[in-house]
Structures are given as C-alpha cells and as structure tokens.
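# Survey of secondary and tertiary structure
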Amino acid sequence: MKFVGTVITSNFPPSPTTSNFSFVITNDEPIPVRKGQYVQINTEDGLLLGMIQEIIKTNRFYSHAEYVKEYERGGQPLTSIFPCDRWDMLIATAKPLGVFSNGFFDKVSFPPSPGERVYVADDEVLVDLLGLDLEHGLYLGNLRFHDVSVSLNMTRLLQKHLAILAMSGSGKSYLASVLIEELLSRKIESGRVAVVVIDVHGEYSSLANKPDKDVHSGLSDKVTVVKSSFVQFATPLISNRWFGAFQPEMSPIQVRELGKIITEMRREYREKSYSLQDLLIRIENDSKIPQRTREAMLGWLYELEDTRLFGTEETPDLENIVKAGHAVILDLSEATSLRKKQLIVSYIGSRLFGLRRRGAIPPFTMILEEAHQFCPQARQELAISQSIIEQIAREGRKFYAALCLISQRPVRLSTTVLSQANTHIMLRISNPNDLDTIKASSEMITSETAAMISSLPVGEALIVGSAINFPLFVKIRKRYTKESTYEANLEQAAKTFEQSTSPDIK
Ligand SMILES: Nc1ncnc2c1ncn2[C@@H]1O[C@H](COP(=O)(O)OP(=O)(O)OP(=O)(O)O)[C@@H](O)[C@H]1O
Ligand SMILES: [Mg+2]
C-alpha cells in the first residue's frame, strides 16, 4: 500500500467533514498523487474511500508578492536562499465517497480524523467501491491512475439505457465500437443480447473486417451490414395509425378512413401480401370516401410511395436477422434525406420493439448515432421517429429493449429521452450550453467534474449513473477490430484524390 499523507484541519472550507477532507502530502516522490485519484483511510467506521478533487502547492516564503519582488530586485533569485522544492508543501483536498466495512459499502456519516494516514486506494477495494463486474462485465478500458479494468455490469449499463455524449472527434463512435465488440464477445452463460446499430455515417461496417489478432477473429463473423437501399417495409404490417405517424399532418378523419380500407384490404388479401401501390389503387377506386378526404389521403400516401421504402415483404427480415450475440449494422450513409432516415428508424424501432414485446427476438440494444436527429428537443423540428424512441426510452426497460444514444449536441436531444438514460458516458465536451445540459441531467455532476469534462483528451471518458456506484474516469481501450479508413487525415485524402486523377503523381 502506498502511503501518501496525513489528514489535516482547515478552516476555509471547514474540514475534515463528511463531504470533504484535506491532507498534507508527506510522500516525497516527484508526483505522489494526481487529481482524480482514489485514496483510502482506516477510520473507526471502516475503510473510508475518497477521490482527490484538487491539489494545492503552497510555499509561505513566496506568499508575499512584495517580498519576492523586493528581494529579486537585487538580482538574486529567491530560490538561492529558499529552494522551491525543499519548502514546497502539497495539500490535497478530497471528497469521501463511501465507507467499506464487513464487506459492504455505506454512505459516509462520520468524518475522518486529523492525523489519520492516507494511502492510495487498493485495486480490489476500488472494484467493490465502484461496483465493477470483472467476471461478466463489459471491459471498456482502464481506470485513470489505477491498474483496474473498468468492466461494467451489462444489466446496470444497458437495462435503463445509455447515452454517449461528447463533441465531434472525441471518440464516441470508437467507444461504441468497443462496446459492440464486448457485447459480441460474450459467452452464452454470461447472457448475450442482440445489437442493432443505426449507422448514420457508415462508420461501423469496419466491424465486419477481420481483426489482426486471431483471438478476436470470430467477431467479424457476428456482424451483418445492411445498406439503406436494401431496407423495405412490409406494407401489410403498417396500420393506419402508423401511417398517421409517418405523415403527422394527416387529419384524424383521413386516418380513420384509411383504417377502414386497410381492414378491408387485410381481409381480402388474407395470407397474401400487398404493396403501397395496391393500397393506393384501392383508395383511388373507392367511391365511398368523400372526394376531398380521398385526394388528401392519396397525396400523403403518394409522398410515402416516392421514398421507395414500402414493399410487400420486409427486408431485412428482422425476426430472423436480429440474433443474440450478433450485430446488425444499418448503414444509412447513402440515404440522402433526413426524413428518409427518420422513416427507417421509426419503422425499425417500432418493429424491433413489437417483436421484442412478443418475445420473438432476444433482448436487444439499439445504438442510435446522431440521436438528436431522431428525437430532437425542439418541437418545431419534431421527427417522425420521435414517438417510438420516446416509447422505448420509457417502456423498454420492462421488455429488455435498451437504447444507446450517441450525440454530439446533447442540448438538441429530447430531454424526455435523455432523462430516461440512466448512465451517461461523456468524453470531451467544451460547448458551455452542452455542459449546462449535462449538469442539469445528472445530480452527480458537480461544477468541478464539468470542468474536467471540458479538458479530457481524446479517448478518455467520465462515466456517471446507474452502471457504477460513483462517477469514474476511464481511458477507453484500443479496438480489436480495424478502424475504418474514414478518418484518414486531410493530407492523405488530398493526395489520394490527386493520385487517382493523374497517376504520375507519387
Ligand atoms: N480510445 C481511443 N483510442 C485511440 N484512438 C481513439 C480513441 N477514441 C477515439 N480515437 C480516435 O479519434 C478519432 C475520432 O474518434 P470518433 O470517430 O470515435 O469520434 P466521434 O466522437 O464519433 O466524432 P463524430 O461526432 O464526428 O462522429 C478516431 O479516428 C479515432 O482513431
Ligand atoms: Mg462518430
């Protein structure tokens, strides 16, 4: 156990208390502790664990600006009589997180005493304190400053939904790929879920490439990539209300009339399938519907027909393609309009949720990239996919249908949905509005933690919420599968273009 210092008293702020304590660092290693590191103290209550919030360097010989200036005016640096390193004092402030006694963690209800000795926290104690699941958990990376694997319990991470929030380029998709790899590597006895990825930019196809190391070679076989051009909705499955959700401006009368026709169509076609074209012809020839209602209805449905998404059968066949321990990547990068992407998300989301409620598919996790485009906060940009995403967010837990929402603009993401995501993983976020949203969405994020989020390096994340007992910082592990070349640098992309147009350029 590494000894680092001794608890001291202080008046500003008063300490030690149950919510903060300070200690003077007596270990004389050059950098004995760091901000964010965990420490432990043996108290009368049990083992108290705390996290270092700040480290202050003091030196009383340098505390009066005028003395320093006056002395150095003579041409001699003050360090010649008071060497900084010998007179430096390091004081750390820390926040008690819990007390460990008899195998259980409890809230801190009694402060540590001045004079008590402070040690760097033991790795095993940290695993218990943070609530990590080393045996069956999802290994996302390593705890910052400690040799502890951050393996999160799957139920705690996913059952009540997850949000990955950060600015562009900070590693959200990379982290999501690591999470997918972990979900695909699970053994049957640990419990496997199905994964469906709404891949807006076509970045996840690389998961289907063979990894370098043979130990992980099985991963790529468990990934199926489906291009948006292949997606077709089964028209007979779509009810009048569902059409109404696709075309929110359809009037209740039009929806009701459409309902009657769909009922007749279904009775007539029985086992046979029909297309949206068939439905349109039927409406055109139905003289019972008042002309104005009919024309309006046709207008809405022709507009849907133009998207070429409505067929007779469903492709891919979701009931068969969504399998435990497998991932389906829906590559929407070729779908040009946002509306078309929203239609696809709305259809796929509703179908998956319906199939899951009937127990026809295994528990699943739907990873939604650019989530703010599919369930925005502002009412004026209401998305077609909004209601199903909100429904899964509200009710998914009971049916083991989980959402993993990814967004670079948390401020634009529906707060209804964001507040249902019980675990948040945040990489670097610097936009003050986004930071305010994050702070408002979780009581565990203090202003100090928010400040830490804005200075995180790429690939480091803060996890808060139900997946763990206390907020923690993690360095995300390297991927097993190869990254797509999508992120080639600008120089490379410029060179590749010129080489392709004039081959003599090297
Ligand atoms: N944990 C990590 N280890 C190593 N490299 C990483 C890590 N995380 C991210 N990177 C690198 O940073 C780059 C950006 O990551 P990524 O594409 O995941 O960002 P993003 O947050 O999804 O951005 P965007 O919002 O633009 O989609 C990637 O090219 C990747 O190589
Ligand atoms: Mg991304």
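Refer to the structure printed above.
Below or above, wherever it landed, is the structure these notes cover. Note that the coordinates shown come from a computational prediction; the quantities given were computed from them, not determined experimentally.

Rules of the game
- Residues numbered from 1 in each chain as written.
- Chains lettered and ligands numbered in written order.
- Predicted model: local features only at pLDDT ≥ 70, side-chain atom pairs only at ≥ 80, totals over all residues.
- Helix = DSSP H or I, 4+ residues; strand = E, 2+ residues; numbered from the N terminus.
- Buried ≥ 20, exposed ≤ 12 C-beta atoms within 10 Å, placed from the backbone.
- Contact = placed C-beta atoms within 7 Å.
- Axes fitted to C-alpha atoms, helices over the stretch in contact; angles between N-to-C directions.
- Parallel < 35°, antiparallel > 145°, perpendicular 65-115°, else oblique.
- Pairing = 2+ DSSP bridges.
- Arc of directions from axis to C-beta.
- Near = placed C-beta within 6 Å.
- Nonpolar A, V, L, I, M, F, W, Y, C, P; charged D, E, K, R; others polar.
- Left-handed = near helix turned anticlockwise from the far one by under 90°.

### Observations concerning the overall build of the protein
Secondary structure summary: the protein contains 18 helices and 20 strands in total. For the protein, the spread of C-alpha atoms along the three principal axes comes to 100 × 70 × 50 Å. Going through the 506 residues of the protein one by one, you find that 37% of them count as buried. Within the protein, residue pairs in contact and separated by at least 24 positions form 72% of the contacts whose partners lie at least 6 positions apart.

### Some remarks on the packing of helix α8 (residues 252–269) against helix α10 (residues 291–305)
Orientation of α8 relative to α10, taken along the N-to-C sense of each, is 85°, at an axis distance of 10 Å. In terms of orientation, α8 and α10 fall into the roughly perpendicular class. From α8, Ile253, Gln254, Glu257 and Leu258 reach across to α10, where they touch Thr293, Ala296 and Met297.

### Notes on the sheet that holds strand β17 (residues 401–407)
Strand pairing in a sheet relies on backbone hydrogen bonds, with the paired strands running either antiparallel or parallel. Taking strand neighbours across the sheet as the criterion, the 11 strands line up as β9-β8-β20-β19-β18-β10-β17-β16-β11-β15-β12 in an open arrangement whose pairing is mixed. Each having just a single partner strand, β9 (149–152) and β12 (223–227) make up the two edges of the open sheet. Between one strand axis and the next, the sheet turns through 25° on average, direction left out of account. The sheet contact formed by strand β11 (residues 194–199) and strand β15 (residues 327–331) spans five bridges and is parallel. Looking at the pairing, Ile198 lines up with Leu330 of β15.

### Remarks on helix α3 (residues 123–130)
Listed in full, the buried residues belonging to α3 are Leu126, Leu129 and Leu130. Along α3, the residues classed as buried sweep out an arc of 85° about the axis, all on the same side. In this structure, the buried side of α3 is in contact with β3 (38–43), β4 (46–58), β5 (89–101), β6 (104–106), β8 (138–143) and β20 (472–476). Two residues or fewer past α3, Gly131 is found with a positive phi of approximately 80°.

### Observations concerning the site of ligand 1
As a structural note, the neighbourhood of ligand 1 is formed by 15 residues, with Gly171, Lys172, Ser173, Tyr174 and Gly459 the closest of them. Top element by residues in the shell around ligand 1 is helix α5 (residues 172–184). It accounts for three residues. Residues of the shell around ligand 1, tallied by class, amount to four nonpolar, seven polar and four charged.

### Looking at the pairing of β4
In the sheet, β3 pairs with β4 via six bridges, with the strands oriented antiparallel. Bridge pairing links Tyr38 to Met51 in β4. In sequence, β3 turns back onto β4 through a hairpin of two residues. For β4 and β5, the ladder comprises 11 bridges, and the chain directions are antiparallel. Paired with Leu47 across the strands is Phe100, a residue of β5.

### Examining the pairing of β8
Relative to β9, β8 is paired through four bridges, and the arrangement is antiparallel. Considered in β9, the bridge of Gly141 is made with Val150. Where β8 folds back onto β9 in an antiparallel hairpin, the turn is made up of five residues, including Phe145, whose phi is positive at roughly 70°. Here β8 pairs with β20 via three bridges, running antiparallel. Pairing of Leu143 across the sheet is with Val474, part of β20.

### Comments concerning the packing of helix α9 (residues 276–284) against α10
Running from amino to carboxyl end, α9 crosses α10 at an angle of 165°, the nearest separation of the two axes being 10 Å. Between α9 and α10, the crossing angle belongs to the class labelled roughly antiparallel. The way α9 lies across α10 gives a crossing that is left-handed. Across the interface between the two elements, Leu276, Gln277, Leu279, Leu280, Ile283 and Glu284 of α9 pack against Arg294, Met297, Leu298, Leu301, Tyr302, Leu304 and Glu305 of α10. Across the contact of α9 with α10, the residue classes tally to nine nonpolar, one polar and three charged.

### Describing unusual backbone geometry
At the junction of Phe12 and Pro13, the peptide bond is cis and its omega measures out at -5° in the coordinates. Mapped onto the elements, Pro13 comes out in the loop between β1 (3–8) and β2 (21–25). For the bond from Ser15 to Pro16, the omega torsion is 0°, close enough to zero to count as cis. The topology assignment puts Pro16 in the loop between β1 and β2.

### A few points about the environment of Arg412
Note that Arg412 resides in the loop between β17 and α15 (415–420). Separated by 242 residues in the primary sequence, Arg412 and Ser170 have C-alpha atoms spaced 18 Å apart. Every residue in contact with Arg412, bar those within four places of it in the chain, is listed here: His372, Pro376 and Gln377.

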